[in-house]
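Structure at a glance
Chain by chain, the residues:
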Amino acid sequence: MNVTLILACLLASTFSKNKFGATQKINNICIKNKLTSPGVMDLPHQGYRATKPRARAAPSAGDSVLFDDTSSAAPGMNSQGFYTPAYNMAGPSNDMQGGPGVNNLFADPMASAAMMYGSSLANQGKDMVNKEINRFMSVNKLKYFFAVDTRYVLKKLMILMFPYTHQDWEVRYHRDTPLTPRQDVNAPDLYIPTMAFITYILLAGMALGIQKRFSPEVLGLCASTALVWIIIEVLVMLLSLYLLTVHSDLSTFDLIAYSGYKYVGMIFTVLCGLMFGSDGYYVALAWSSCALMFFIVRSLKMKILPSISSDSMGMGSNSKPQLRLYITVATAVFQPIIIYWLTSHLVR
Amino acid sequence: MAFTLYSLIQAAILCINAVAVLHEERFLSKIGWGVDQSVGGFGDEPGIKVQLMNLIRSVRTVMRGACFFLLRIFSHLTVSG
C-alpha cells in the first residue's frame, strides 16, 4: 500500500509539468467528487443507431447551445470551457470542506489520499490527451457536427432518400456562425455519416454471413476499404478546391460529412438487395444514386459556385464557373460509382 | 479493390516522393513549369498552373526539411515489408 502510494506520488510529480502541481488538481478532484453527477454527458458513440440522439429542449440562441450540458448539473468534465470555474471554486471552498469531508468516506486516511492521487493522475492523463488532440483538430468545431437531435436526423434521412421536394437548401447563419444541425436542417453533421458507416460495416458482415462467406478478417477489410475511399475522396476534393482557389467555407469536416452521406444510400441499397434479390439491388441502386446526386449537387452548389448577387471579383476568368461546376458534377457522379463498387460484392 | 490503411499510407508516401523529386532546373523549367515563370498577374485569381507550381515547390521545400530523412527511412521500411 505504501509502495503504491510512493509510486503514485512519483508519477504525479513527473507528469505535472505546469506550475499548478498536484495540489490544485487534488482540490479540483475534491470539488468534483462532491458534485458527482448522475448522468455525465457522454458523446453519442455508445451504440449504433439504437441510442436516441440527445433530444433536448429548444435551447437559447448563441453558442452556449453546444457547450451547455443540460442533462447534468455538474460542470461538464469534457468541455474545456468549464475548467476555469472549477479552478475558481477550488480555492475558497476547499479550506472548509477538504479535510473533514473527504475523511468521512474512508476511515483510513491513507486510502483516501491514495484515491485522491489516483484520480488526480487520471485527470492529468485526460488533460494531456485533450491537449494533444487539440493540437490536431479543434474539438469545439467537432462538437458542432454532433449537436443533433432526433427530429433533425429523421428529416435529414428523408431528404437524403427523397430530396426532390425539399425547397430551401441554404445553410442559415446566426451572426456569422453557422447554425447547429439542431436548428438548421441543411447544416452538415457527422453523426449520420458515422452511424451509417458503422451500420454499413455490420450490414456487410451480415450479408456475407448469409452467403456463408464470412470471416472476421473480411469485416476489417471492408471497414478499411470504405475508410480509405472516404479519405481519397476528401483529399481529392480538398486538392481540387485548393487548385481552383475556391474561397468557400467548406472545411475538412464538412467534406467528410458530405462524402459520408453516401453510406445511407449504400445501406438502403444493400438492404433492398438482400431482401429482393438482384433486381431489387439494381432498382435501389438507381434510386439512391439519383437521390444522392441531386442532394450533393444542390448542397454543394450553394457553397462552391459563386453566388450571382454578390460579385466582388469582377475579373474572374470565364473558365472559373465552368471548372467549379465540373467539380460539383464530378463529385456527384463519383457517388454512384463508389456505391456500386463497395456494395456489389455483397449482393450476388 | 480491397484497400488497407497500410496500402494507402504506402501510396501516399510514394506519391509525395514522386512530386518531391521533380527537379527544378533540369525538368520543370524545360516544360515551362518553373517557379520563376509564375510571377504573373497580381489579381487575386492565380489560376491552376500557378497554384500547381506553388504546390510542387512547397512539397519540395517541406520534403527538404526534416521530413526528408523520415520519409526515406519510412519508405525503406514499408516498401521492403
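Quick caveat: nothing in here was measured; it's all calculated off a predicted structure. (Residues numbered from 1 in each chain as written. Chains lettered and ligands numbered in written order. Predicted model: local features only at pLDDT ≥ 70, side-chain atom pairs only at ≥ 80, totals over all residues. Heavy atoms only, no water.)

Let us now look at the overall build of chain B. Counting secondary structure elements, chain B contains 4 helices and 0 strands. Reading chain B from its N end, one meets helices and strands in the order α-α-α-α. Looking at chain B as shown, the accessible area adds up to about 5,600 Å², and 70% of this sits on carbon and sulfur atoms. (Helix = DSSP H or I, 4+ residues; strand = E, 2+ residues; numbered from the N terminus. Areas by Shrake-Rupley, 256 points an atom, 1.4 Å probe, with all protein chains shown as cover.)

So, about the overall build of chain A. When you go through chain A residue by residue, the secondary structure sums to 12 helices and 2 strands. Ordered by position in the sequence, the α and β elements of chain A form the string α-α-α-α-α-α-α-β-β-α-α-α-α-α. Of the contacts formed within chain A by residues at least 6 apart in sequence, a portion of 80% connects residues at least 24 apart. In the form shown here, chain A has an accessible surface area of approximately 19,000 Å², with 67% of it arising from carbon and sulfur atoms. (Contact = heavy atoms within 4.5 Å.)

A separate point is the nonpolar core. Residue and element names in this part refer to chain A. Core analysis: the largest hydrophobic core is formed by 55 residues, its most contacted members being Tyr200, Tyr263, Phe295 and Leu346. Residue assignment for this core shows that the elements contributing at least two residues are α7 (150-161), α8 (191-210), α9 (216-243), α10 (252-260), α11 (262-304) and α12 (319-343). Element by element, the count of residues in this core is highest for α11, at 12 residues. Among residues more than four places away in sequence, those in contact with Leu346 are Tyr200, Ala204, Ala207, Leu208, Gln211, Arg213 and Val270. Counting 7 residues, the second-largest nonpolar core is a separate cluster that includes Leu142, Phe145, Phe253 and Ala257. (Core = buried A, V, L, I, M, F, W, Y, C linked by side-chain atoms within 4.5 Å. Buried < 20%, exposed > 50% of the residue type's maximum accessible area, 1.4 Å probe, protein only.)

Residue and element names in this part refer to chain A. Within the structure shown, the criterion is met by 12 aromatic pairs over all chains. Measuring from centroid to centroid gives 5.5 Å for Tyr261 and Phe295, while their planes differ by 85°, and the two rings are edge-to-face. On the criterion of sequence distance, the pair formed by Tyr261 in the loop between α10 and α11 and Phe295 in helix α11 is long-range, its members being 34 residues apart. The exposure class assigned to Phe295 is buried, which follows from its relative accessible area of 1%. Centroid distance Tyr281 to Tyr282: 5.2 Å. Interplanar angle 65°. Geometry classified as edge-to-face. (Phe/Tyr/Trp six-rings, centres within 6.5 Å; stacked < 30°, edge-to-face > 60°.)

A few words on the pattern of salt bridges. Residue and element names in this part refer to chain A. Tallying each qualifying case throughout the model produces 1 salt bridge over all chains. When the shortest N-O distance is used, the salt bridge between Glu233 and Lys262 registers 2.6 Å. Pair noted here: Glu233 is in helix α9 and Lys262 is in helix α11, with a separation of 29 residues, a long-range link. Each of the two residues, Glu233 as well as Lys262, counts as buried. (Salt bridge = Lys/Arg side-chain N within 4 Å of Asp/Glu carboxyl O.)

As a further point, take the side chain of A:Ser224. Examined against the element boundaries, A:Ser224 turns out to sit in helix α9. Sequence-distant contacts of A:Ser224, that is, excluding residues within four places in its chain, are made with B:Phe3, B:Thr4 and B:Leu5.

Let us now look at the confidence of the model for chain B. Reading predicted coordinates in detail is not appropriate for stretches of low pLDDT. Summarising the model, chain B shows a mean pLDDT of 75, and 74% of its residues fall at 70 or more. Among the prediction metrics, the complex's ipTM stands at 0.80, with pTM recorded as 0.64. (pLDDT = per-residue confidence, 0-100.)

This brings us to the environment of A:Arg348. Residue and element names in this part refer to chain A. Along the chain, Arg348 falls in the segment after α12. Each C-alpha atom of the pair Arg348 and Gly273 lies 8.6 Å from the other, and the pair is 75 residues apart in sequence. When residues no more than four places from it in sequence are discounted, the contact partners of Arg348 are Gln211 and Arg213.

What follows covers the packing of helix α1 (residues 5-20) of chain B against helix α3 (residues 48-64) of chain B. Residue and element names in this part refer to chain B. Orientation of α1 relative to α3, taken along the N-to-C sense of each, is 105°, at an axis distance of 8 Å. Here α1 lies roughly perpendicular to α3, going by the angle between them. Across the interface between the two elements, Ile16, Val19 and Ala20 of α1 pack against Ile56, Val59, Arg60 and Met63 of α3. A breakdown of the residues in the contact of α1 with α3 according to their chemical character gives 6 nonpolar, no polar and 1 charged. (Axes fitted to C-alpha atoms, helices over the stretch in contact; angles between N-to-C directions. Parallel < 35°, antiparallel > 145°, perpendicular 65-115°, else oblique. Nonpolar A, V, L, I, M, F, W, Y, C, P; charged D, E, K, R; others polar.)

In this section: the confidence of the model for chain A. Residue and element names in this part refer to chain A. Predicted confidence across chain A gives a mean pLDDT of 73, with 65% of residues reaching 70 or more. pLDDT under 50 marks residues 18-63. Its contacts with residues more than four places away, or in other chains, come to 78 contacts. Considering only residues more than four positions removed or in separate chains, one finds that residues 308-312, a stretch of pLDDT under 50, has 0 contacts.

For α11(A), which comprises 43 residues, the first-to-last C-alpha distance of 19 Å sits more than 12% below the rise-based estimate of 63 Å (1.5 Å per residue). At A:Phe276, α11(A) shows its maximal kink, close to 150°. (Expected span 1.5 Å × (residues − 1). Bend = angle between axes of the 7 residues up to and from the residue.)

This part covers unusual backbone geometry. A positive phi angle, close to 60°, is found at A:Lys212, a residue other than glycine. One can find A:Lys212 in the loop between α8 and α9.

Residues and elements named next belong to chain A. Interaxial distance between α9 and α11 falls to 16 Å at its minimum, and their mutual angle equals 20°. Here α11 runs roughly parallel to α9, going by the angle between their axes. Handedness of the crossing formed by α9 with α11: right-handed. Between α9 and α11, the residues in contact are Ala226, Leu227, Ile230, Glu233, Met237 and Leu241 and Lys262, Tyr263, Leu300 and Ile304, respectively. The residue makeup of the contact of α9 with α11, split by class, is 8 nonpolar, no polar and 2 charged. (Left-handed = near helix turned anticlockwise from the far one by under 90°.)

All names here are of chain A. Within the secondary structure, Gly277 sits in helix α11. Gly277 gets classed as partly exposed once you look at its relative accessible area, which sits at 27%. For Gly277 and Arg348, which are 71 residues apart along the polypeptide, the C-alpha to C-alpha distance reads 8.2 Å.

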